[in-house]
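Each chain is listed here by its residues.
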Amino acid sequence: MRMRGYEPLSPLSSGIQPPAPPLMHRLHQHLGTLVRAPLHLPTVRSRTPLRQGKNGRFYAGDGAQVDVTVEEDAAVASWRRTRSARSAETWSGFRPEGGEDAAFSDQEEFQLTSSTFALAGDTAHNQAMVHWSGQNSSVILMLTKYYDFNSGRIFNLNFIYYLVMTQISCDIMLLTDPEVESSLLISLDEGASYQKHSLAFDILSLLFHPEQEDWILAYSHDQKLYVSVEFGRRWQLVHDGVVPNRFYWSRLGLDKEQGMIHLEISVSDGRSQYITCKLQNCSDGNKGKPFPGFIIPNSLVVQDEYVFIQVPIGGQSVHYVSYKRNSFYPMKLPKYTLPKDLQIISTDDNQVVAAIQDWHQNDSYNLYMSESRGLFFTLMLESVVSSGGPEGNIMIDLYEVAGIKGVFLSNKVVENQVKTYITYNKGRDWRLLQAPTTDLQGNKVYCEQPYCSLHLHLHVSENPYTSGNIVSKESAPGIIIASGVVGPELTSTNVSIFITSDAGNSWREVFQEEYSVFFLNQGGSLVAIRHTPLPIRHIWLSFDEGRNWDKYSFTSSPLYVDGVLGEPGEDTLIMTIFGHFSHRSEWQLVKIDFRSIFQHRCTTDDYMTWQLHNEGEVCIMGMKRIYQKLKANVRCVKAREQYISQMSDSCPCTEADFECDYGFERRIDGSCTPAFWFVPSATSRDCITGDSFLNTTGYRRALSNNCTEGAMLQFSPRRQKCPSQAPRGLQLFTSEGTLVATVERNVTFLVFLEEGLSSTTSITVDFGDGTAISYVNISSIEDGVKHIYSKVGIYQVSATATNTLGSDRVILYLHITCQLEQVQLSAPSVVVKNKAVNLTTVLRPSNVGTVIFYWWFDNKTEPVVTLDGATSFTFSKEGIHTVSVQASVGNTVLQDQMNVAVYDYFRSHVLAFSSNLDELNPGVPEWREDVGRVVKSSMVQVTGISEDQLLVTVLPGLPTTAEIFIVPEKRSRHGDTDEKWAHLDQVASPQIILTVALNFSFHSVSFKAPLVDSSDSGHSGTAVIMLVSVVLMGLAVFVIYKFKRYTVPKPEGDKLTSLDHVDVQLDSKGRGIHGPVYFLSATFIPQ
């Protein structure tokens, strides 16, 4: 998410959307690229890390391409734009009118001191990165490229695609195109010479230390993180499996060591872990785990004093925060705030501002503000407009006015209309903007609130060298320049430019055409440049905060303007305009020196005082603030220390200095009363870690409010001694956030207590397997409680908090499982139509814990779900049907499948083999299929039964058995029932084959080689097949003496007779066999 006027923030797949970690504030990054075309390329500011995309470009932590990077006090600047053969890009959404200088064609023209530099011989490139080398340096660097408008690609003809510079030492780092080679070119003399350093990895993103300018973290394409403490000259691997964008430098004073790194590492799909590492030693022994459990991927945010994570609990994502690197606690939102998305947009002023999209919102967010610890949040503003950014990030219409603490502008949806509101006390009170009294021509504007007011576009420029839709400056407090409209709501038509000199109390219309406005001379003057696709040669200056404008020429020949680059620092008196005289000409740099138009250094007589107020109320945020600003039309150069001059005096506290505390809501009369869901407690969370707490009155003073005395005691919380209280709000969950664990592995249980004095509250954890453990107080188990289960099953795990006044108990049911290796479906191969058949499963191992079975029949889209490994099913149609079963245990799902033949009638017999064959049975489906195929082939040859009428299934398990099915011919199904049964009787007649089988002598079979290898290495699979085939063929093992065993009774109800027992065994002493032979005994078993 990006708040208008705030640093761009990193996105989370769901949940917290954090501010990205800061770039080194003394590091001069490229601020973008000049590109000649009407192509708008997104930009970011310097606190976002750079992420390189597949196209070789760098991206911000929130996914936005890093085309512009700037720091408030940076001493470098560059800018990115594009040009085409037809027009130059406009710089904002203002509407164009007329040609060059149309509005001021009759105005007197003044001349500026300027010089022009042509980038000779570089007409092929249409894109450039422009850099100041640093403060007190006259070196400017330009890196040119070619942008193909047809393919949308950038061609690095010089193989350099990125440039980094430091401020203090003016070192320069060039990154080469990884498609050519991975290397760095480093200069220690402002670009006079370079030294090449090869890389063993491709850089995807860079993160610079906020204080040590030579310390760099580099993230590679294969999710490995590297560190360099020598400005890229040497690199060392820190860790692999690092989540993109989730690595942060430590902060001195908060973290134990300066050279520490906060990391989110990927453990498995859907799980991450938060660890800390030492800079050059991230071994297991040196890793820290600030949070003992697993977290939701892509959720770690380390920003200032706060660390944010998301923890999966009971299928939901719970947001946790750590303040000043202490223990983690759940963030407390109003009870019925159910966020679809939560994004951290600011951690300034020692408090957290979060934007939350509630369950019923789609295109808007609610703003919430916390107390100092980031735990308890109260509503700041509802229904704030949000929109998608250029790279899929979220933009929220909230703008913090620079130079004055507590002043914000925001666009809010009110009855389907977007209106602009302003606050002077950091969100406690909001009001509409007062429209100008007259328009640019001096005509009176009739606009009455709430039906009409001024509405502003709060889109901060994607390019810091255009003014964007709104701009303010730390060195020019009270001045805000923005584009907007006057009317009932914000629109994108008939947009004008407005300016305020008193921090939003009153506004003036200054332009009705497209202009970009810049601050000059530390905000003492304003520069405006016309937006037009035509070449220009004039700019306008104002020395009275935009009330009047003077026309100046900066070049003798009209120039197509591509961008503007200011001198580093706040005291800007030199500006460089980039452009070209024609669409095929080389780059032109026009340097404008404004120092000649200023008459002297500013003195005390050149200043006047201005008091901040809110519609006449001068006590704002508990202070009366008086600023110094230049008098109108004074042309003097401001000294660096003069622009921040201000006087302040505290005010007595009133009700207006307090906002509603957590659980309280503001009523129409301004009072704070408990919300219907909130039960004020006699104690507070503070009692968990201390002996006293602040008992709320329903109000809390804003952290940046400086009021004193007055009504302070009436509204401030009262510190009280923590009373003895029964524990309440006990929470128990596993570190992985799931209710499934694996046998013989550590399970970490986390226990949290909402209320109760920790020093007198004991905790007992019962693991449900006959083991329990007790602790004197809850602080003893901040890192969790570990336990190992030795058996699978479902265990009732409980935690009990107890003190002298009572107890609280919480229970969870934990499923302990082991890895399921195989599921085997068992069912008859042939069944009777319209008759229930039993289906069973066999698991390996057999005891794996709670198993859910999904049964799929044919092509049905919905399965039958059971907790038992057996079910019954009735097939209503003849034919071949597919049955599938899935067994689900924990995160493991295995499947088995088989075909079932369905007929009106059939006959079957079970065939048993001697135990010799069991020794050769590997228990795999392929072996059973091969043996069944041999049995069937032999049976067909011996009996003459049609192959279509004979089905053989070798059953799984031991002892080895098979089942033979004889089904009717297709043509016989058209006859009556008597004919069908007669047909099967005829097919099953054993008279011929019985004679053959009884008179067959085995000794007539002679083998030239042993059927089975005599070595100890195992039995030959080929010999088994040969043996089964010979025995079945020669001895007619599968003799059907008389098939009187029917699967279904005859329609006449004839009484079934038992199948006579035929037992044919092989003589193990048969002649002609050499070596060990395994003989089979095949027996028909009546069913």
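Residues numbered from 1 in each chain as written. Predicted model: local features only at pLDDT ≥ 70, side-chain atom pairs only at ≥ 80, totals over all residues. Heavy atoms only, no water.

Assigned secondary structure in the protein chain consists of six helices and 79 strands. Per-residue burial over the protein chain gives 55% buried out of 1087 residues. Taking contacts inside the protein chain between residues at least 6 apart in sequence as the whole, the part at least 24 apart equals 58%. When the accessible area of the protein chain is evaluated, it comes to approximately 46700 Å², of which 49% is carbon and sulfur surface. (Helix = DSSP H or I, 4+ residues; strand = E, 2+ residues; numbered from the N terminus. Buried < 20%, exposed > 50% of the residue type's maximum accessible area, 1.4 Å probe, protein only. Contact = heavy atoms within 4.5 Å. Areas by Shrake-Rupley, 256 points an atom, 1.4 Å probe, with all protein chains shown as cover.)

Within the largest apolar cluster, 47 residues are counted, with the highest numbers of intra-cluster contacts made by F749, Y789, V797 and L814. Here this core gathers at least three residues from each of two domains, domain 4 (728–815) and domain 5 (822–903). Residues F658, F664, W677 and F678 belong to the second largest nonpolar core, which totals 46 residues. (Core = buried A, V, L, I, M, F, W, Y, C linked by side-chain atoms within 4.5 Å. Domains from an automatic or database assignment.)

With respect to the secondary-structure elements, E659 resides in strand 53 (residues 658–660). A relative accessible area of 10% places E659 in the buried class. Aside from chain neighbours lying at most four places away, what touches E659 is M369, T378, R428, R666, C672, G698, Y699, R700 and A702.

A word on the sheet that holds strand 45 (residues 560–566). The strand order 8-47-46-45 describes an open sheet built from four strands, whose pairing is antiparallel. Edge positions in the open sheet fall to strand 8 (113–119) and strand 45, since each of these has one partner strand only. Between one strand and the next, the sheet's axes are offset by a mean angle of 25°, whatever the strand orientation. Inspection of the sheet shows strand 8 paired to strand 47 (residues 587–593) by seven bridges, in the antiparallel sense. (Pairing = 2+ DSSP bridges. Axes fitted to C-alpha atoms, helices over the stretch in contact; angles between N-to-C directions.)

This brings us to helix 3 (residues 925–943). With 19 residues, helix 3 should reach 27 Å at 1.5 Å per residue; the first-to-last C-alpha distance of 26 Å fits that figure. All buried positions along helix 3 are accounted for by W927, R928, V931, G932, V934, V935, S938 and M939. The buried residues of helix 3 occupy an angular sector of 160° when projected down its axis, which confines them to one face. Pointing more than 90 degrees away from the buried face of helix 3 are the exposed residues E929, R933 and Q941. One or two positions beyond helix 3, positive phi appears at G944, with a value near 80°. (Expected span 1.5 Å × (residues − 1). Arc of directions from axis to C-beta.)

What follows covers the pairing of strand 66 (residues 806–817). Where strand 60 (residues 740–742) and strand 66 come together, three bridges link them in parallel fashion. Across the sheet, T742 pairs through a bridge with T817, a residue of strand 66. Note: strand 65 (residues 793–803) against strand 66, 11 bridges, orientation antiparallel. The residue bridging Q796 from the neighbouring strand is Y813, located in strand 66. Counted along the chain from strand 65 to the antiparallel partner strand 66, the turn is two residues long.

Turning our eyes to something else, we now look at the pattern of salt bridges. In the structure shown here, the tally under the stated rule is 22 salt bridges. In this structure, the salt-bridge partner of R251 is D304, at a minimum N-O distance of 3.2 Å. Taken as a pair, R251 in the loop between strand 20 (242–249) and strand 21 (260–268) and D304 in the loop between strand 23 (301–303) and strand 24 (306–313) lie far apart in primary sequence, 53 residues in all. Residue classification places R251 among the partly exposed positions, given a relative accessible area of 34%. Between R373 and E371 there is a salt bridge, with the nearest N and O atoms lying 3.0 Å from each other. Judged by relative accessible area, which is 24%, R373 ranks as partly exposed. Ionic contacts of the salt-bridge type, sharing partners, join the residues R428, D429, E655 and R666 into one network. (Salt bridge = Lys/Arg side-chain N within 4 Å of Asp/Glu carboxyl O.)

Quick look at the state of the cysteines now. The final tally for this structure, using the stated rule, is six disulfides. The disulfide partner of C277 is C282, and the S-S distance across this bridge is 1.6 Å. Note on accessibility: C277 and C282 belong to one class, buried. Between the sulfur atoms of C653 and its disulfide mate C707 the distance is 2.1 Å. (Disulfide = S-S within 2.5 Å.)

Once that is clear, we can look at the sheet that holds strand 41 (residues 515–520). Strand order in the open sheet made by the five strands is 7-44-43-42-41, with mixed pairing throughout. For this open sheet the edge positions go to strand 7 (109–111) and strand 41, each flanked by a neighbour on one side alone. Neighbour-to-neighbour, the strand axes of the sheet open up by a mean angle of 35°, direction not taken into account.

So, about the environment of D439. Tracing the backbone shows D439 in the loop between strand 35 (431–432) and strand 36 (453–456). Note on D439: relative accessible area 21%, which makes it partly exposed. With sequence-adjacent residues up to four places away left out, D439 is seen in contact with V445 and E509. At 2.7 Å, the side chain of D439 forms a polar contact with the backbone nitrogen of N443. (Polar contact = N/O pair within 3.5 Å; in protein donor to acceptor, adjacent residues only side chain to side chain.)

The subject of this paragraph is the pairing of strand 64 (residues 785–788). Burial of the side chains of strand 64 is restricted to one face: V785 and H787 are buried, whereas none of K786 and I788 on the reverse face is. Strand direction decides the pairing type here: strand 61 (residues 746–755) and strand 64, joined by four bridges, are antiparallel. When the sheet's bridge partners are listed, N746 is paired in strand 64 with I788.

Here the focus is unusual backbone geometry. Omega for the bond connecting R844 with P845 falls within 30 degrees of zero, at -5°, which places this linkage in the cis form. Cis geometry marks the peptide bond from L958 to P959; its omega dihedral reads -5°. Structurally, P959 can be placed in the loop between strand 76 (950–955) and strand 77 (961–966).

Attention now moves to the packing of aromatic side chains. With the rule as written, the count across this model stands at 32 aromatic pairs. Their ring planes at 35° and their centres at 6.0 Å tell us that W215 and W249 sit as a pair that is tilted. On the criterion of sequence distance, the pair formed by W215 in the loop between strand 16 (203–208) and strand 17 (216–220) and W249 in strand 20 is long-range, its members being 34 residues apart. Relative to W540, the ring of Y515 lies with its centre 5.6 Å away and its plane at 80°, an arrangement referred to as edge-to-face. On the criterion of sequence distance, the pair formed by Y515 in strand 41 and W540 in strand 43 (residues 538–542) is long-range, its members being 25 residues apart. There is no split in this pair, since Y515 and W540 are both buried. Each member of the aromatic cluster is reached from another via a ring pair, and the members are Y274, F291, Y320, F328, F733 and F752. (Phe/Tyr/Trp six-rings, centres within 6.5 Å; stacked < 30°, edge-to-face > 60°.)

With that settled, the discussion passes to the confidence of the model for the protein chain. Chain-level pLDDT for the protein chain is 75 on average; 72% of the residues reach the 70-or-more range. Residue range residues 987–1087 is modelled with pLDDT below 50. Its contacts to residues more than four positions away, or to other chains, number 176 contacts. (pLDDT = per-residue confidence, 0-100.)

Note on placement: T347 falls in the loop between strand 27 (339–346) and strand 28 (353–358). With a relative accessible area of 3%, T347 lands in the buried category. For T347, the side chain forms a polar contact with the side chain of D304, separated by 2.6 Å. Setting aside its immediate chain neighbours within four residues, T347 contacts Q303, D304, Y306, F308 and V352.

Within the fold, C707 resides in the loop between strand 57 (699–701) and helix 1 (712–715). The class of C707 is buried, set by a relative accessible area of 2%. It is 4.9 Å that separates the C-alpha atoms of C707 and C653, two residues lying 54 residues apart in sequence. For C707, the residues in contact, after removing those within four places along its chain, are M621, G622, C651, P652, C653, D657, R701 and M712.

Among the surface-exposed residues, I794, I811 and Y813 lie close enough to one another that they form a single nonpolar patch of about 280 Å² accessible area. By secondary structure assignment, the location of Y813 is in strand 66. (Patch = residues over 30% accessible without salt bridge, like charges linked within 9 Å, V, L, I, M, F, W, Y side chains within 5 Å.)

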